[in-house]
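# Observations on the three-dimensional arrangement
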Amino acid sequence: MSSCDVPGLMPLADAIKKMQDTLCNVCEVITLPLSSALGYTLSQDIISQQNVPPFNNSAMDGYALHCDDLIDCSVMQPISLIEVGKSFAGAPFEGSIQRGQCIRIMTGAMIPDALNCVVMQEQVTVDGETITFVNAPKLHNNLRFTGEDISVGQTVLSKGHKLTPRDIPLLASLGFSELPVYRQLKVAVMSSGDELRPLGSKLEQGEIYDSNRYSIIGLLSRINVEVIDFGIIKDDYSEIKAALIKADQQADVVITSGGVSVGDADFIKQVLNEIGEIGFWKLAIKPGKPFAFGKLQNSVFFGLPGNPVSAIVTLYQLAVPAMAKMSGEAVKAPLRLNAVCIDTLRKAPGRTDFQRGNYSVNEQGQLIVTTTGNQGSGVFSSMSQSNCFIVLEQDRGNIAKGETVEIEPYSQLMD
Ligand code: AMP
Ligand code: MG
């Protein structure tokens with residue numbers, strides 16, 4: 001425990017570690033065609049069976065020759081070689097070649113072993129088969145060598161890597177038509193609360209629209225999981241129990257929002273204690289103090305707080321890395337950067353704050369951040385108007401203008 005830990009509140013890092021230590025990959029290996037594999041996680045290291053490029057070739061349209069033939073070449077002393085054939089991409093030169101000769105060559109075309117450089121076509125004059133040069137080229141000029149990008153036996157991507165649009169063409173260049181990956185995690189999502197109404201219905205007094213399911217499902221759509229939408233569940237013991245049992249039968253992960261704090265209508269705790277093994281945590285973070293994590297019969301449970309900002313912050317900071325582990329993905333620490341805060345920020349020591357801010361670079365090239373204003377955990381506009389979290393350490397107090405703070409730019413999950 002550090003000097004600033006608050007009794008009864010678990011530091012965020014401890015909660016993340018606890019989940020990472022408890023959870024394991026639950027997704028079986030499937031084989032997918034390369035064209036469908038984007039966003040999936042590799043279940044094996046990918047070892048190249050090919051050299052890329054597979055043969056020595058030209059990086060330019062021009063003339064391939066032996067550089068010793070032009071060793072004394074200059075503007076004052078041009079040298080001419082005889083063109084004896086052509087090498088096109090896909091149609092290599094197959095004849096024999098003597099010193100004093102050259103071939104026409106195109107970008108990507110094979111260069112014969114007897115030649116060792118290419119001169120750009122813009123630097124020569126052509127008169128029938130006589131090609132005249134005015135410079136002495138360097139050895140290996142404008143050549144691309146076998147395996148210079150990737151060589152046979154090289155590990156190109158590692159097990160646990162989630163495939164990006166940049167990986168797919170790389171794997172295509174190596175000839176992989178299908179890949180071993182982990183299947184999608186199945187995630188059931190439900191909102192709980194008597195006050196919640198679906199979109200399209202008229203709100204009566206005291207009611208609000210269920211917005212958390214939209215933020216949760218929206219964010220989940222960016223991490224390539226299969227979402228099972230369980231809608232809105234009333235604050236009713238039997239209804240909650242029935243929904244959780246059904247979700248547990250269908251999904252690897254069950255995510256609820258609302259009903260996990262200590263209010264009289266918060267039945268989730270009661271139900272879960274009965275049908276699963278649940279830890280109710282009070283986290284040393286703001287927003288997002290009440291959070292539940294545990295195991296049901298078949299699935300893992302994340303109980304997010306109901307306040308809309310708290311729900312998305314805990315989903316992003318806690319549940320997403322936990323689900324990455326369950327999907328076989330190598331979990332990476334988020335990118336955090338130092339920025340100069342140009343506003344004053346209110347902060348009480350004792351919890352790590354995830355305040356919402358906007359970063360930019362000022363005219364002096366300095367990374368700066370501003371606050372979105374009201375940081376209430378129900379003020380969702382602070383999320384939509386921000387581009388980063390301002391991460392204020394647990395032991396920190398108020399921030400004065402000009403202090404350096406840590407920011408966490410939103411990843412592509414949030415953008
Ligand atoms: P609870 O965690 O159930 O005590 O809810 C805390 C606050 O979040 C209350 O103001 C709820 O009305 C609100 N809330 C709970 N669930 C949702 C939801 N799905 N969408 C929007 N607000 C919600
Ligand atoms: Mg509630």
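The present account deals with the structure reproduced in this document. In this text the structure is predicted, and so the values were computed from the model without any measurement.

### With respect to the overall build of the protein chain
Across its full length, the protein chain holds seven helices and 26 strands. At 31 Å, the protein chain has a C-alpha radius of gyration far larger than the 22 Å of a compact globule built from 415 residues. Dimensions of the protein chain, computed from the C-alpha atoms along their principal axes, are close to 95 × 50 × 45 Å. Counting all 415 residues of the protein chain, 47% fall into the buried class. For the protein chain, the share of sequence-separated contacts (at least 6 apart) that also reach a separation of at least 24 residues comes to 72%. A total of about 20,100 Å² of accessible surface is found on the protein chain, and carbon and sulfur atoms cover 51% of it.

### Some words on unusual backbone geometry
A cis geometry characterises the amide bond from V52 onward to P53, with omega recorded as -5°. Along the chain, P53 turns up in the loop between strand 2 (46-47) and strand 3 (57-58). Going from K286 to P287, the amide bond is cis rather than trans, its omega being -5°. Here P287 lies in the loop between strand 19 (285-286) and strand 20 (290-295). Even without glycine at this site, N142 takes up a positive phi of about 60°. Relative to the helices and strands, N142 resides in the loop between strand 9 (130-133) and strand 10 (143-144). Within the chain, N224 stands out as a residue other than glycine whose phi angle is a positive 60°.

### Notes on a nonpolar patch on the surface
Together, L199, L203, Y209 and Y214 give the surface a local cluster of nonpolar side chains, amounting to about 380 Å² of exposed area. The exposure class assigned to Y214 is partly exposed, which follows from its relative accessible area of 47%.

### So, the packing of aromatic side chains
Summed over the entire model, instances satisfying the criterion amount to seven aromatic pairs. Ring geometry for W281 against F293: centres 5.4 Å apart, planes inclined by 50°, an arrangement best described as tilted. Taken together, the positions of W281 in strand 18 (residues 277-282) and F293 in strand 20 put the pair twelve residues apart, joining distant regions of the chain. Side by side, W281 and F293 carry an identical accessibility label, which is buried. Aromatic side chains Y316 and F389 sit 5.7 Å apart centroid to centroid with 55° between the ring planes, which places their arrangement in the tilted category. With Y316 in helix 6 (residues 308-326) and F389 in strand 25 (residues 388-392), this pair connects stretches of sequence that are 73 residues apart.

### Comments concerning the site of ligand 1
Lining the immediate environment of ligand 1, one finds 15 residues, of which E195, D210, S211, G259 and G306 sit closest. S211 is positioned such that a nitrogen or oxygen atom in its backbone is 3.1 Å from a nitrogen atom of ligand 1. Between ligand 1 and N307, the relevant distance is 3.1 Å, taken from an oxygen atom to a main-chain nitrogen or oxygen of the residue. Given that more than half its atoms are within 2 Å of the pocket grid, ligand 1 belongs to the second largest pocket. Partitioning the shell around ligand 1 into residue classes produces four nonpolar, nine polar and two charged.

### So, the layout of surface pockets
Considering only enclosed or pocket space, the largest pocket measures out at about 1,200 Å³ in volume. When contributions to the lining of the largest pocket are tallied by element, the ones reaching two or more residues are helix 1 (12-22), helix 6, strand 23 (352-361) and strand 26 (404-409). By residue number, the principal contributor to the lining of the largest pocket is helix 6, which donates six residues. Within this model, the second largest pocket holds a volume of roughly 640 Å³. Together, 42 residues line the second largest pocket, and P287, N307, P308, S310 and S377 are the ones closest to its centre. Of all the elements in the fold, those that place two or more residues in the lining of the second largest pocket are strand 13 (186-192), strand 15 (208-209), helix 6 and strand 23.

Procedures and definitions
Residues numbered from 1 in each chain as written. Chains lettered and ligands numbered in written order. Predicted model: local features only at pLDDT ≥ 70, side-chain atom pairs only at ≥ 80, totals over all residues. Heavy atoms only, no water. Helix = DSSP H or I, 4+ residues; strand = E, 2+ residues; numbered from the N terminus. Rg over C-alpha atoms; globule rule 2.2 N^0.38 Å. Buried < 20%, exposed > 50% of the residue type's maximum accessible area, 1.4 Å probe, protein only. Contact = heavy atoms within 4.5 Å. Areas by Shrake-Rupley, 256 points an atom, 1.4 Å probe, with all protein chains shown as cover. Patch = residues over 30% accessible without salt bridge, like charges linked within 9 Å, V, L, I, M, F, W, Y side chains within 5 Å. Salt bridge = Lys/Arg side-chain N within 4 Å of Asp/Glu carboxyl O. Phe/Tyr/Trp six-rings, centres within 6.5 Å; stacked < 30°, edge-to-face > 60°. Near = heavy atom within 4 Å. Polar contact = N/O pair within 3.5 Å; in protein donor to acceptor, adjacent residues only side chain to side chain. 1 Å grid on protein atoms, 1.4 Å probe; cavity = no way out; pocket = protein on both sides within 12 Å on 5 of 7 lines; lining within 4 Å. Sits in = over half its atoms within 2 Å of the grid points. Nonpolar A, V, L, I, M, F, W, Y, C, P; charged D, E, K, R; others polar. Points joined across faces, edges and corners; volume = space filled by probe spheres on them.

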